[in-house]
Structures are given as C-alpha cells and as structure tokens.
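Listed below, chain by chain, are the residues.
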Amino acid sequence: MLPFLAGIAFALLAIVLLRLSGMSRDRATGPILLVAIAVFYSVFAVDHGGFPAFAVQAVIAVLFTAVAILGYRTRLAWVGVGMIAHGLFDAVAQTAMNSPAPGWWGPFCIGVDVVLGLWLLTLRPEPVRGDAR
C-alpha cells in the first residue's frame, strides 16, 4: 500500500511543481512524461531481464511513445488516456508478464500514472499554442 500512496504523492508533487513553474502550460509536457514513464520497464529489463525481456519492453515503450506523439500532434486527451493505460499496464505487468521491475514498482507507478492521467484529462490548463501542431 505504501508504494501506491507514494506514487500518488509523487504525482501530486509533480503536478504542483509543473504548475508553479509554468511548465504545465507547455504542450509537450504530458507527452514527455508519458515517454519517460514508458521506458522504465525497458531499463529494468536491461538490469534484470535479459534481451528477450528487453525486446518486449522496448516494443511496449515504442507503442506508448506513439500514443504520446499522436496526442502531441492531434489531441492531448490521447496522452491522458495513454498515461492511464500505462497504469493499467503496470497492474498487468507486475503479475501476468513476469516483470523485470521490483515488486514495489507496479503499485507505485499505478499511483503516478492514474493521477497524472486524470490531471492531463481534466485539470490541466490549456497549453500554450506557440508552435503546436
């Protein structure tokens, strides 16, 4: 339970810091967060899983990266949906996929992903349109 609550706390802290700094208004913030979060399982696979696990996790990271790019180029709502989907992936990966991540990572990441995803879908201020596509 502590990893899940810590994930929620870290996500809320990140949101506060992103808003205070003004970074939350940048169109690329959500997509960058999704890409960064998606590559963590690949990193764990490099450390513990070997090449087959790395290959699987890299493909999954590429899929989430594609969602981030799609959201950046079209509607940012896709990024929020992708973030929540990654949280669901975390729930499955820890049990059904023999995850190379430590046991606490899944609950921690679920807390982070769902809070950030909900923020991206509902509470995030409209990004600055500058060079947005």
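The shown structure was predicted, so the numbers you read here are calculated from the model rather than taken from an experiment.

How each quantity is defined
- Residues numbered from 1 in each chain as written.
- Predicted model: local features only at pLDDT ≥ 70, side-chain atom pairs only at ≥ 80, totals over all residues.
- Heavy atoms only, no water.
- Helix = DSSP H or I, 4+ residues; strand = E, 2+ residues; numbered from the N terminus.
- Rg over C-alpha atoms; globule rule 2.2 N^0.38 Å.
- Buried < 20%, exposed > 50% of the residue type's maximum accessible area, 1.4 Å probe, protein only.
- Contact = heavy atoms within 4.5 Å.
- Axes fitted to C-alpha atoms, helices over the stretch in contact; angles between N-to-C directions.
- Parallel < 35°, antiparallel > 145°, perpendicular 65-115°, else oblique.
- Left-handed = near helix turned anticlockwise from the far one by under 90°.
- Phe/Tyr/Trp six-rings, centres within 6.5 Å; stacked < 30°, edge-to-face > 60°.
- Lys NZ or Arg CZ within 6 Å of the ring centre and 35° of its normal.
- UniProt positions renumbered as here; feature names shortened; annotations may be inferred.

J.: Got a minute to help me understand the overall build of the protein in this structure?
T.: When helices and strands are counted, the protein shows five helices and zero strands. For the protein, the α and β elements follow one another from N to C terminus as α-α-α-α-α. Its C-alpha atoms give the protein a radius of gyration of 15 Å, near enough to 14 Å, the size a compact globule of 133 residues would have. In terms of overall dimensions, the protein has C-alpha extents of about 45 × 30 × 20 Å along its principal axes.

J.: Explain the environment of Phe 54 to me, please; I cannot follow it from the model alone.
T.: Here Phe 54 shows up in helix H3 (residues 40–73). According to the relative accessible area criterion, Phe 54 is partly exposed, its value standing at 30%. Separated by 39 residues in the primary sequence, Phe 54 and Ala 93 have C-alpha atoms spaced 13 Å apart. Here Phe 54 is in contact with Ser 42, Ala 45 and Val 46, once residues within four sequence places are set aside.

J.: Just checking my understanding: could you explain the packing of H3 against helix H4 (residues 77–93) for this structure?
T.: For any two helices packed against each other, the geometry comes down to the angle between their axes and how far apart the axes lie. Where H3 contacts H4, the axes come no closer than 9 Å and their chain directions differ by 155°. By the angle between their axes, H3 is roughly antiparallel relative to H4. Viewed along their axes, H3 and H4 form a crossing whose handedness is right-handed. Contact with H3, carried on its side by Tyr 41, Gln 57, Ile 60, Phe 64, Val 67, Ala 68, Leu 70, Gly 71 and Tyr 72, involves Trp 78, Val 79, Gly 82, Ala 85, His 86, Phe 89, Asp 90 and Ala 93 of H4 and no other residues of that element.

J.: What's the story with the packing of aromatic side chains in this structure? I'm lost.
T.: Each aromatic ring pair is described using two quantities: the centre-to-centre distance and the angle formed by the ring planes. One pass over the structure, following the stated rule, counts nine aromatic pairs. Centroid distance Phe 10 to Phe 108: 5.7 Å. Interplanar angle 70°. Geometry classified as edge-to-face. Taken as a pair, Phe 10 in helix H1 (residues 2–21) and Phe 108 in helix H5 (residues 105–123) lie far apart in primary sequence, 98 residues in all. Given the relative accessible area of 16%, Phe 108 is considered buried. Their ring planes at 70° and their centres at 5.5 Å tell us that Trp 104 and Trp 105 sit as a pair that is edge-to-face. Using a relative accessible area of 8% as the deciding quantity, one classes Trp 105 as buried. Aromatic ring contacts, followed pair by pair, group Phe 10, Phe 40, Phe 44, Trp 104, Trp 105 and Phe 108 into a single cluster. Positioned over the ring face of Tyr 72 is Arg 27, at 5.8 Å from the centre of the ring.

J.: How do you make sense of the UniProt feature "transmembrane region" (unreviewed entry) in the protein when you look at a structure like this?
T.: UniProt's feature table lists "transmembrane region" (unreviewed entry) at residues 28–46, 53–72 and 104–123, given in the numbering used throughout. As annotated, residues 28–46 has a helix share of 89% and a strand share of 0%, and its two end C-alpha atoms lie 27 Å apart. In the segment residues 104–123, helix accounts for 95% and strand for 0%; the C-alpha atoms at its two ends are 28 Å apart.

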